[in-house]
Amino acid sequence: MIPAKMKAAYYQEYGEPDVLKYGELPTPVPGRGEALVKVNMVGLNGYDLMARSGRYKPNKGKFPHVLGGDFGGELVALGPETTSDIAIGTRVTSWWVVPCGTCEQCMGGFPNRCSRNYRYLGAHLPGAYAQYVKLPAHHLIALPDSVTDEQAASFANAFGTAWHMVVVRGQVRPGETVLVNSASSGVSMAAIQICKNLGAYVYASSSAQWKLDKAIELGADEVLNYNEVDFPEEIMKRTKKRGVDVVIEHVGGDFLGKSIRCLTRGGRVVTVGGTRSYKCEIDVNYVFHKELQLVGSNSATKLDLDAMIPMLASGKLRSIVDKVFPLSEAAEAHRYLESAKQFGKVLLRIEH
């Protein structure tokens, strides 16, 4: 029996974490082509913090708004005239991007570049900080028995984004050297593992030794603390002035310019965000003199996620959970994530 109202964490104005409230909202009703999922676990992402604070306003001031693009749950209903290869009662997660499906980018096989109506679940659309979430039925991904709800809620955004950066856009090859910045983020932890599965040699940077120790546990070959050394100088020292083939970057600010300085001739920086700042300065002489590439990467496709599910199920890829809060403590979870004390994903547990 699906209740008419559900518990949710939501906000009615932009601001600090305390704008997140815990209470009741109407349970969403799936329309044609949509599915309803009973949520058991939901993951926090960096864009949750930006959307809540108003730095990023994808909901365009429409309140109340519910965040949450990553989840583990159970398919409980389909909308009218909607069919799915996934049976009711199946444990599921989802591709979080909701493109238009009809523009030239979508039709060309690049739905993550949708040019007409590009949306995220939990950002532009109501998400999974709630007991139930609705979404397009064809976005659902069935979970193998070996994948827990915690792993599922830690998977889609982090691993999908990392796979698209490393495999699709960065085209990392066996034997190449890669620097992964900010090793404690979900995307970076996934990128380290994906690079190692591809046969690359991985350097990882972070702000504290305990985070670097965990990066080594994930497979990083060498680590460096960017609070203690100038990381471009350190990379050049360790590579005997060669530099690395690829830098996986999402910090922004001064990290983009520094990442460019880490590259060997013909190298490439793949960037997917600016968690520190969108405003970046680069020295263009490095770019033209070394024939470097600055490669943008945006989210992921469902095919990216489908490719990784068997690897997640077999243990070749591991989603890392740092801490789990109850849904009622969503504001505290946001404060914790903003403190940058975590290594791994921060989750919210949904009780029913």
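These figures come from a predicted structure and were not determined experimentally.

A. Broad picture of the sheet that holds strand β14 (residues 263–271). Strand order in this open sheet of six strands is β12-β11-β10-β13-β14-β15, and the pairing throughout is parallel. With partners counted over all chains shown, the strands left at the sheet margins are β12 (222–225) and β15 (293–296), one partner each. On average, each strand axis in the sheet is inclined to that of its neighbour by 20°, with strand direction left out of account. Here helix α8 (residues 254–261) sits on the sheet and contacts β13 (244–249), β14 and β15; the angle it forms with β14, its principal contact strand, is near 150°.

B. Quick peek at the packing of helix α4 (residues 156–169) against helix α5 (residues 186–198). In the contact formed by α4 and α5, the axes pass within 8 Å of each other and the chain directions differ by 50°. Comparing the axis directions of α4 and α5 gives the class oblique. Crossing of α4 against α5: the hand is right-handed. Mapping the contact onto sequence places Ala158, Phe159, Thr161, Ala162, Trp163, Met165, Val166 and Val167 in α4 and Gly186, Val187, Ala190, Ala191, Gln193, Ile194, Cys195 and Leu198 in α5.

C. Region of interest: the side chain of Lys290. Tracing the sequence through the fold places Lys290 in the loop between α9 (284–289) and β15. Of the side chains with opposite charge, Asp245 lies nearest to the buried Lys290, which makes no salt bridge, at 11 Å. Once residues lying within four places of it in the same chain are set aside, the contact partners of Lys290 are Met236, Arg261, Leu263, Thr264, Arg265, Gly266 and Asn285.

D. Spatial organisation of helix α1 (residues 46–53). Among the eight residues in α1, six count as buried, and that is most of the element. Among the residues of α1, those classed as buried are Tyr47, Asp48, Leu49, Met50, Ala51 and Arg52. Where the residues of α1 are buried, they touch β3 (34–43), β7 (119–120), α4 and α11 (330–338). Trailing α1 by a residue or two, Gly54 shows a phi angle of about 95°, which is positive.

E. How the structure looks around the packing of aromatic side chains. If you walk through the whole model with that rule in mind, you get eleven aromatic pairs. By way of ring pairs, the aromatic residues Tyr47, Trp96, Tyr118 and Tyr120 are connected into one cluster. Positioned above the aromatic ring of Tyr278 is the side chain of Arg55, whose terminal nitrogen or guanidinium carbon lies 4.5 Å from the ring centre. The cationic tip of Lys323 hangs over the ring face of Tyr336; the distance from NZ or CZ to the ring centre is 4.9 Å.

F. Up close: the state of the cysteines. Summed over the entire model, instances satisfying the criterion amount to zero disulfides. For Cys100, which is in no disulfide, the shortest distance to another cysteine sulfur is to Cys114 and amounts to 3.5 Å. A relative accessible area of 8% places Cys114 in the buried class.

G. Structural detail: the environment of Thr177. Tracing the backbone shows Thr177 in strand β10 (residues 177–180). Separated by 22 residues in the primary sequence, Thr177 and Gly199 have C-alpha atoms spaced 9.5 Å apart.

H. Structural context of the environment of Ser146. Assignment of secondary structure puts Ser146 in the loop between β9 (140–142) and α3 (149–153). Sequence spacing of Ser146 and Leu327 is 181 residues, and the spatial spacing of their C-alpha atoms is 24 Å. Leaving out residues up to four positions away in the same chain, Ser146 has contacts with Gln151 and Ala313. Among the polar contacts listed, one links the side chain of Ser146 to the backbone oxygen of Ala313, at a separation of 3.1 Å.

I. Here's a closer look at the packing of helix α7 (residues 231–238) against α8. Running from amino to carboxyl end, α7 crosses α8 at an angle of 20°, the nearest separation of the two axes being 8 Å. Between α7 and α8, the angle falls in the class roughly parallel. You can see that α7 and α8 cross each other, and the crossing is right-handed. Along its contact with α7, which presents Phe231, Pro232, Glu233 and Met236, the element α8 presents Phe255, Lys258, Ser259 and Arg261. Within the contact of α7 with α8, the residues separate by chemical class into four nonpolar, one polar and three charged.

J. Highlighting unusual backbone geometry. Between Phe63 and the following residue, Pro64, the backbone shows a cis peptide bond with an omega angle of -5°. Following the sequence through the fold, Pro64 ends up in the loop between α1 and β4 (70–78). Even without being a glycine, Ser182 presents a positive backbone phi close to 55°. A positive phi angle is found at Lys240, which is not glycine, with a value near 55°.

K. Seen up close, helix α10 (residues 302–314). The terminal C-alpha atoms of α10 lie 19 Å apart, and with 13 residues this matches the ideal 18 Å at 1.5 Å per residue to within 8%. Bending of α10 peaks at approximately 30° at the position of Met308, with proline Pro310 no more than four residues after it. By the burial criterion, the buried members of α10 are Asp304, Leu305, Met308, Ile309, Met311 and Leu312. For α10, the secondary structure elements touched by its buried residues are β5 (91–94), β9, α4 and α5. Taken from the residues just after α10, Gly315 is the one with a positive phi, measuring 90°.

Criteria and cut-off values
- Along each chain, the written sequence defines residue order, and numbers are assigned to residues from 1.
- Since the coordinates come from a predicted model, pLDDT governs what is reported: local features require at least 70, and pairs of side-chain atoms require 80 or more to be given and counted, while whole-chain, interface and lining totals use all residues.
- Hydrogens and waters are ignored; side-chain quantities use all the structure's heavy atoms.
- Paired strands, in this sense, are two strands between which DSSP finds at least two bridges.
- The helix and strand labels rest on DSSP assignments: H or I over at least four residues marks a helix, E over at least two residues marks a strand, and numbering proceeds from the N terminus.
- Interaxial angles span 0 to 180 degrees and are taken between N-to-C directions of axes, which are lines fitted to C-alpha atoms, for helices over the stretch in contact.
- The contact definition used throughout considers only heavy atoms, calling two residues in contact when any of these lie within 4.5 Å.
- Small angles under 35 degrees read as roughly parallel and large ones over 145 as roughly antiparallel, with 65 to 115 read as roughly perpendicular and the rest as oblique.
- The sense of a crossing depends on the near helix, which, turned anticlockwise from the far helix by less than a right angle, makes the crossing left-handed and, turned clockwise, makes it right-handed.
- Buried residues are those whose accessible area, probed at 1.4 Å on protein chains only, stays under 20% of the maximum for their type, while exposed residues exceed 50% and partly exposed ones sit between those limits.
- Charge convention: Lys and Arg are scored as positive, Asp and Glu as negative, and His as well as the terminal groups of each chain are ignored.
- Here, a salt bridge means any side-chain nitrogen of Lys or Arg that lies within 4 Å of a carboxyl oxygen of Asp or Glu.
- Stacked, tilted and edge-to-face are the three classes applied to pairs of Phe, Tyr and Trp rings, where Trp contributes its six-membered ring and a pair requires centres within 6.5 Å; stacked means planes under 30 degrees apart, edge-to-face means over 60, and tilted covers the rest.
- Lysine and arginine charges are scored as sitting over a ring when NZ or CZ, respectively, is within 6 Å of the ring centre and within 35 degrees of the ring normal.
- Criterion for a disulfide: a pair of cysteine sulfur atoms at a distance within 2.5 Å.
- Side-chain atoms alone can form a polar contact between residues adjacent in sequence; in general such a contact is a pair of N or O atoms within 3.5 Å, and within protein one must be able to donate a hydrogen while the other accepts it.
- Throughout this entry, Asp, Glu, Lys and Arg are counted as charged residues, while Ala, Val, Leu, Ile, Met, Phe, Trp, Tyr, Cys and Pro are counted as nonpolar. The remaining residues, Gly among them, count as polar.
- Take the residue count of a helix, subtract one, and multiply by 1.5 Å to get its expected span.
- Bend at a residue means the angle formed by two fitted axes: the first through the 7 residues ending at that position, the second through the 7 residues beginning there.

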